[in-house]
Amino acid sequence: MTSLDAVTAWIDRYRTAWESNDPDDIRDLFADDAAYFTEPYSPPWVGREAIVAGWLEQRDEPGTTTFTWQPVIITEELAVIEGRTVYPDREYRNLWVLRLDHTGLARQFTEWWMEVPPPPAE
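Just so we're clear, the structure is a prediction, and the values are computed from it rather than from any experiment.

(A) Inspection of unusual backbone geometry at higher detail. We note that asparagine 21 has phi near 55 degrees; this positive angle belongs to a residue other than glycine. Along the chain, asparagine 21 turns up in the loop between α1 (4-20) and α2 (23-27).

Take a look at the structure:
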């Protein structure tokens, strides 16, 4: 069952993995057969080892981001999260769809990210 507490705990662990890039931290987020969808029309990373490999290929260096989030909706089956990721030179808005199993591991995770355009030149 998905709850705000379960989602918050998962996102806290996700941020830990984001900052550490430790394969065990990444593995500990996902069920054995989880699917991680990184962008529309691309096949997902399926299974913990594929998720770890894909994550590490696209990793951010520790300390390079700040992340804030808020739930859009949380039901028994899924959570939709709106986030904001800020890098030193760019900013993104994120939309995540998260499906947790009964142990708090992600069965399916989908992320969409949109870069915020720079302000117009004056």
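(B) Looking closely at a nonpolar patch on the surface. Judged by side-chain polarity, Val72, Ile73, Leu95, Trp112 and Met114 come together as a nonpolar surface patch covering roughly 420 Å² of accessible area. Of all the secondary structure elements, the ones that give two or more residues to the nonpolar patch are β3 (66-74) and β6 (106-115). Tracing the sequence through the fold places methionine 114 in strand β6.

(C) Focus on the sheet that holds strand β5 (residues 91-100). An order of β2-β1-β6-β5-β4-β3 is seen for the six strands of this open sheet, with the pairing classed as mixed. Lying at the two open borders of the sheet, with one neighbouring strand each, are β2 (45-46) and β3. Pairing between strand β1 (residues 30-37) and β2: two bridges, direction antiparallel. Note on β2: the bridge partner recorded for tyrosine 36 is tryptophan 45. Along the sheet, α1 contacts β1, β3, β4 (79-86), β5 and β6; its crossing angle with β3, the most-contacted strand, is approximately 155 degrees. Sitting on the sheet, helix α3 (residues 48-57) touches β1 and β2, and the angle it makes with β1 is about 45 degrees.

(D) Structural view of the side chain of glutamate 91. Tracing the chain through its elements places glutamate 91 in strand β5. Residue classification places glutamate 91 among the buried residues on the basis of a relative accessible area of 18%. Of the polar contacts made by the side chain of glutamate 91, one reaches the side chain of arginine 84; its length is 2.8 Å. In contact with glutamate 91, other than residues within four places in its own chain, are Arg84, Thr85, Val86, Met114, Glu115 and Val116.

(E) How the structure looks around the pairing of β1. Here four bridges tie β1 to β6, and the two strands are oriented parallel to one another. Note on β6: the bridge partner recorded for tyrosine 36 is phenylalanine 109.

(F) Up close: the packing of aromatic side chains. Inspection of every chain in the model, using the stated rule, returns 16 aromatic pairs. Over the aromatic face of tryptophan 18 sits the side chain of arginine 15, whose NZ or CZ is 4.3 Å from the ring centroid. Stacked on the ring of tyrosine 87, the Lys or Arg arginine 90 has its end atom at 4.0 Å from the ring centre.

Thresholds applied
Residues numbered from 1 in each chain as written. Predicted model: local features only at pLDDT ≥ 70, side-chain atom pairs only at ≥ 80, totals over all residues. Heavy atoms only, no water. Helix = DSSP H or I, 4+ residues; strand = E, 2+ residues; numbered from the N terminus. Patch = residues over 30% accessible without salt bridge, like charges linked within 9 Å, V, L, I, M, F, W, Y side chains within 5 Å. Areas by Shrake-Rupley, 256 points an atom, 1.4 Å probe, with all protein chains shown as cover. Salt bridge = Lys/Arg side-chain N within 4 Å of Asp/Glu carboxyl O. Pairing = 2+ DSSP bridges. Contact = heavy atoms within 4.5 Å. Axes fitted to C-alpha atoms, helices over the stretch in contact; angles between N-to-C directions. Buried < 20%, exposed > 50% of the residue type's maximum accessible area, 1.4 Å probe, protein only. Polar contact = N/O pair within 3.5 Å; in protein donor to acceptor, adjacent residues only side chain to side chain. Phe/Tyr/Trp six-rings, centres within 6.5 Å; stacked < 30°, edge-to-face > 60°. Lys NZ or Arg CZ within 6 Å of the ring centre and 35° of its normal.

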